[in-house]
Amino acid sequence: MPGYMSLTGDSWPEGYGRLQLNEVDSTLDEAARQAPKAATPLWIFARRQTTARGRRGRPWSMPEGNFAATLLLRPAGPPTQAALRSFIMSLALYRAFVEVTGREKGLALKWPNDVLLNGGKVAGILLESTGAGQQTGFLSIGVGVNLVAAPPASDVEATALKPVSILSETSVRVLPETFFEVLACHFANLEQQFQQYGFEPIRTGWLAHAARIGEVITARTTREEYSGTFEDVDAEGHLVLRGPRGVMSIAAADVYF
Ligand SMILES: O=C(O)CCCC[C@@H]1SC[C@@H]2NC(=O)N[C@@H]21
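Residues numbered from 1 in each chain as written. Predicted model: local features only at pLDDT ≥ 70, side-chain atom pairs only at ≥ 80, totals over all residues. Heavy atoms only, no water.

### As for the confidence of the model for the chain
Let me state the cut-off plainly: Values of pLDDT, which run from 0 to 100, indicate the predictor's confidence residue by residue. The contact criterion used throughout is that any non-hydrogen atoms of two residues lie within 4.5 Å.
Residues at a pLDDT of 70 or more form 96% of the chain, whose mean pLDDT is 93. Within the model, the stretch residues 1-8 combines pLDDT values under 50 with 14 contacts to residues more than four positions away or in other chains. Confidence metrics for the complex model read pTM 0.94 and ipTM 0.99.

Structure, rendered in structure tokens:
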């Protein structure tokens, strides 16, 4: 009989709005609709999504009982700085997982922003932004977490990591509404730290949980593939790989182990 986490979950971070929906096409699309009229920051949560999307235009399969939400922000600063929010969100996810499951074992963060549990993918983040040049406009951070069910391996690419769920790996059943509050609180704390002290404490916190650091990994960009030792994540959030061609700093790629 699986365990059941019953957090009373009555806490919500000050200054963050929230919209809870039973069903939506995608919380990212809802964020785009809300953006012109929304007071930000605004969290948009949905129990069901009919056309959820993942990175690189892939579909995101969302069995009921899993978690889906998008945080809509209007961050100050250039897009490169705004994009560092993906590290804030993945670290917040890590902390939320520890809080709801009571365990840290098997959890790891995969660059740029997946969360792994026992080597499988348990959560993903998709960033979308508006704006031009050095102006960010709106930033939407879409978060999907396999709380109770992972999509079948046939739903993901052959080279992708196996999808897993919190329930399958830990026998802990977490309600999406509970996870929502826990995640929102961790994000708000880390965002405050980011605004006060910059990216460095977030980078250090993220690296402490990085998957495969010090090991040889492969990064595939839209044009090229690089293999090398995963040495670091730099102050811009880039992946630092040491390979036969020297040290590479990679801004965007898919990573394979
Ligand atoms: O490919 C990934 O790893 C990113 C997955 C992001 C999925 C979430 S679910 C909530 C939000 N709405 C979407 O349509 N996608 C994101």
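### Focus: the pattern of salt bridges
Keep this limit in mind: Salt bridges, as used here, are contacts in which a Lys or Arg side-chain nitrogen is within 4 Å of a carboxyl oxygen on Asp or Glu. By definition, any uninterrupted DSSP run of H or I lasting at least four residues is a helix, any uninterrupted run of E lasting at least two residues is a strand, and each is numbered from the N terminus. Burial status follows relative accessibility: with a 1.4 Å probe on protein chains alone, a residue under 20% of its type maximum counts as buried, one over 50% as exposed, and anything between as partly exposed.
Applying the stated criterion across every chain yields a total of 21 salt bridges. For the salt bridge of Arg18 with Glu181, the shortest nitrogen-to-oxygen distance reads 3.4 Å. Here Arg18 is found in strand β2 (residues 17-24), whereas its partner Glu181 is found in helix α5 (residues 176-197), with 163 residues between them in sequence. Overall, the relative accessible area of 11% leaves Glu181 in the buried class. In this structure, Arg220 engages Glu225 in a salt bridge whose closest nitrogen and oxygen atoms are separated by 2.7 Å. Classification of Arg220 by relative accessible area gives partly exposed; the value is 31%. Among the residues examined, Glu225 registers a relative accessible area of 43% and is labelled partly exposed. Look at the salt bridges and you will find they share partners, linking Arg55, Arg56, Arg58, Glu157 and Asp254 into a network.

### Observations concerning the domain arrangement of the chain
One frequent convention defines the size of an interface as the accessible area lost when the parts assemble. We apply this condition: An automatic or database domain assignment supplies the start and end points of every domain. As a working definition, buried area equals the accessible area (1.4 Å probe) given up by two parts on being put together, with both sides summed.
We note that the domain assignment places domain 1 (3-207) and domain 2 (216-256) within the chain. Summarising the inter-unit geometry, the C-alpha centres of domain 1 and domain 2 are found 24 Å apart. Taken together, the contact pairs 14 residues of domain 1 with 18 residues of domain 2. Regarding the contact of domain 1 and domain 2, the summed buried area is about 1,200 Å², with carbon and sulfur atoms giving 54% of it.

### Re the sheet that holds strand β5 (residues 107-110)
Put simply, the rule is: Paired strands, in this sense, are two strands between which DSSP finds at least two bridges. Working convention: axes come from line fits to C-alpha atoms, limited for helices to the stretch in contact. Angles between N-to-C directions cover 0 to 180 degrees.
The seven strands are arranged β2-β3-β4-β8-β7-β6-β5 in an open sheet whose pairing can be described as mixed. Here the strands that pair on one side only, and so sit at the sheet edges, are β2 and β5. Pairs of neighbouring strands in the sheet enclose a mean axial angle of 20°, with direction left out of account. Summarising the sheet, strand β3 (residues 42-49) and strand β4 (residues 67-73) pair through four bridges and their orientation is antiparallel. Paired with Phe45 across the two strands is Ala69, which belongs to β4. Its contacts with the sheet put helix α1 (residues 27-34) on β2, β3, β4, β7 (120-129) and β8 (139-145), and the angle it makes with β3 is roughly 140°.

### Topic: the sheet that holds strand β10 (residues 216-220)
Within the open sheet, the five strands sit side by side as β13-β12-β11-β10-β14. Their pairing is antiparallel. At either end of the open sheet lies a strand with only one pairing partner, and these are β13 (246-250) and β14 (254-256). Adjacent strand axes in the sheet meet at a mean angle of 45°, parallel and antiparallel pairs treated alike. With four bridges connecting them, strand β11 (residues 225-233) and strand β12 (residues 239-243) associate as antiparallel partners. Residue pairing for β12: Phe230 is matched across the bridge by Leu241.

### Let's talk about the packing of helix α3 (residues 85-101) against helix α6 (residues 200-207)
The condition is simple: Angular relationships are summarised with four words: roughly parallel below 35 degrees, roughly antiparallel beyond 145, roughly perpendicular across 65 to 115, and oblique for the angles in between. Handedness of a helix crossing follows the sense of rotation of the near helix relative to the far helix, less than a right angle counterclockwise being left-handed and clockwise being right-handed.
At a minimum axis separation of 10 Å, α3 and α6 run at an interaxial angle of 50°. Relative to α6, the element α3 is oriented oblique. Like other packed secondary-structure pairs, α3 and α6 cross with a definite hand, here left-handed. Residues Phe87, Ile88, Ser90 and Leu91 of α3 pack against Ile202, Gly205 and Trp206 of α6.

### A few points about the site of the ligand
Stated precisely, the cut-off is as follows: Proximity is defined per residue: any heavy atom of the residue falling within 4 Å of a molecule or strand makes that residue near it. Throughout this description, a polar contact denotes any pair of N or O atoms lying within 3.5 Å of each other; where both atoms belong to protein, one of them has to be capable of donating a hydrogen while the other can accept it, and for residues adjacent in sequence the pair is counted only when both atoms sit in side chains. Only the protein chains shown count as cover for residues, with accessible areas throughout obtained via the Shrake-Rupley method and a probe of 1.4 Å. Under the scheme applied here, ten amino acids are nonpolar (Ala, Val, Leu, Ile, Met, Phe, Trp, Tyr, Cys and Pro), four are charged (Asp, Glu, Lys and Arg), and all others, including Gly, are polar.
The local shell around the ligand holds 20 residues, among which Ser26, Gln49, Arg53, Arg55 and Lys121 are the closest. Ser26 places a side-chain nitrogen or oxygen 2.8 Å from an oxygen atom of the ligand. Between the ligand and Arg53, the relevant distance is 2.7 Å, taken from a nitrogen atom to a main-chain nitrogen or oxygen of the residue. Against a free-state accessible area of 410 Å², the protein chains account for coverage of 98% of the ligand. Only α1, β4, β7 and β8 provide two or more residues apiece to the shell around the ligand. When residues in the shell around the ligand are grouped by element, the largest group, four residues, is from β7. Residue classes in the shell around the ligand are distributed as eight nonpolar, eight polar and four charged.

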